[in-house]
Amino acid sequence: MDTYTLLREFADSWMLLAMFLIFVGIVLFTFRPGARAKHAEISMIPLRDVEPDETTCAGNCAACACGGGAFDLRGGDPKRDAK
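As the structure is a computational prediction, the values presented were derived from the model and not from experiment.

Colleague: Mind showing me how you'd approach the overall build of the protein chain here?
Modeller: A count of helical and extended segments in the protein chain gives 3 helices and 0 strands. The burial tally for the protein chain puts 5% of its 83 residues in the buried class. For the protein chain, the exposed area adds up to about 7500 Å²; of that, 67% sits on carbon and sulfur atoms.

See below:
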């Protein structure tokens, strides 16, 4: 039996079983009863409205993510609006 045939038989039987068990494990881990609160918290991350900390950010740098950057989701483009 050559190497290709041996690896092919292994992939057709045991690797298929291993991949299926990994898939089932991931699905069960994702939909476990205790994960609902954690998933709800994680799903709200993009919608958080966090104000910048005045002591650490002046808001005037070009790469500022707190509202002074190239695009601000709270009111448009500050560079365009300043002109």
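More follows now that the structure is in view.
Colleague: Help me understand the pattern of salt bridges in this model?
Modeller: Opposite charge on two side chains lets them pair, provided their charged atoms get close. Tallied over the full model, the rule gives 1 salt bridge. We note a salt bridge from Arg8 to Asp12, for which the minimum N-O separation is 3.2 Å. In this pair, Arg8 and Asp12 are both assigned in helix H1 (residues 3–30), 4 residues apart and thus about one turn of the helix distant. For Arg8, a relative accessible area of 46% gives the class partly exposed. Of the residues examined, Asp12 reaches a relative accessible area of 48% and is grouped as partly exposed.

The rules behind the values
- Residues numbered from 1 in each chain as written.
- Predicted model: local features only at pLDDT ≥ 70, side-chain atom pairs only at ≥ 80, totals over all residues.
- Heavy atoms only, no water.
- Helix = DSSP H or I, 4+ residues; strand = E, 2+ residues; numbered from the N terminus.
- Buried < 20%, exposed > 50% of the residue type's maximum accessible area, 1.4 Å probe, protein only.
- Areas by Shrake-Rupley, 256 points an atom, 1.4 Å probe, with all protein chains shown as cover.
- Salt bridge = Lys/Arg side-chain N within 4 Å of Asp/Glu carboxyl O.

Don't take any of this as a statement about function, it's just geometry.
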